[in-house]
Amino acid sequence: MNNTETAPTAHPTPEAQPTRISGIGRVLVAVYGVLALAATGRSFVQIVGKFSEAPLAYTLSALAAVVYIVATVALIRSGSGWYRVAWIAIGFEMLGVLVIGLLSVFDPQLFPHDTVWSYFGRGYLFIPLVLPILGLWWLARHRPARAA
């Protein structure tokens, strides 16, 4: 190696890593952020004001808020670790929406008050049902580059 060559770095700098938040990814992150705020606010008001009326439903709303926060952060951050976190969070979200949605349809007594995911997110214009599908599709299309 001569003086003009530089040694390759073992770890790329954060600036060198591709980002998932470009184009439609920005819209996806924005929607996740809005849902994170909405679900957090909703669950806080429900838990503080009337937790004894529907503890399961309000706890699930708080869980949904945490999932949306984690998904938002994981979509913003770069790197394969955050990519895996995003897959796990959004996959869990999809499972939650489907399970809670089905349970709320077939056994509505389980949820005397709605959760974020009740009836597949109808209280949020069914965005909780569509968002994880788009999120998983987006992640599949924007895999991080493998380290050499």
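Let me sum up the structure you'll find in this document.

What counts and what doesn't
- Residues numbered from 1 in each chain as written.
- Predicted model: local features only at pLDDT ≥ 70, side-chain atom pairs only at ≥ 80, totals over all residues.
- Heavy atoms only, no water.
- Helix = DSSP H or I, 4+ residues; strand = E, 2+ residues; numbered from the N terminus.
- Buried < 20%, exposed > 50% of the residue type's maximum accessible area, 1.4 Å probe, protein only.
- Phe/Tyr/Trp six-rings, centres within 6.5 Å; stacked < 30°, edge-to-face > 60°.
- Lys NZ or Arg CZ within 6 Å of the ring centre and 35° of its normal.

## Description of unusual backbone geometry
And step 1. At Y119, a residue that is not glycine, the phi angle is positive and equals roughly 50 degrees.
And step 2. With respect to the helices, strands and loops of the structure, Y119 is situated in the loop between helix 3 (80-106) and helix 4 (127-141).
And step 3. Residues other than glycine seldom take positive phi values, yet L125 does so here, at roughly 60 degrees.
And step 4. Within the secondary structure, L125 sits in the loop between helix 3 and helix 4.
And step 5. Assessed through its relative accessible area of 70%, L125 is described here as exposed.

## Concerning the environment of I24
And step 1. With respect to the secondary-structure elements, I24 resides in helix 1 (residues 24-50).
And step 2. We classify I24 as exposed; its relative accessible area is 57%.
And step 3. Separated by 114 residues in the primary sequence, I24 and W138 place their C-alpha atoms 8.6 Å from one another.

## Observations concerning the packing of aromatic side chains
And step 1. Per the counting criterion, the structure on display carries 4 aromatic pairs.
And step 2. Arranged with centres 6.4 Å apart and planes meeting at 80 degrees, the rings of Y68 and W117 form a pair that is edge-to-face. One end of the pair, Y68, is in helix 2 (residues 55-76); the other, W117, is in the loop between helix 3 and helix 4, and 49 residues separate them in sequence.
And step 3. Between Y83 and W87 the ring centres are 6.4 Å apart and the planes differ by 75 degrees, which places this aromatic pair in the edge-to-face class. You can see Y83 and its partner W87 sitting in helix 3, 4 residues apart, about one turn around the helix.
And step 4. Accessibility expressed as a relative area gives 30% for W87, which makes it partly exposed.
And step 5. Three or more aromatic residues link up through ring pairs in this structure, and these residues are Y32, Y68 and W117.
And step 6. Cation over ring: R122 sits above Y119, and NZ or CZ is 4.0 Å from the ring centre.

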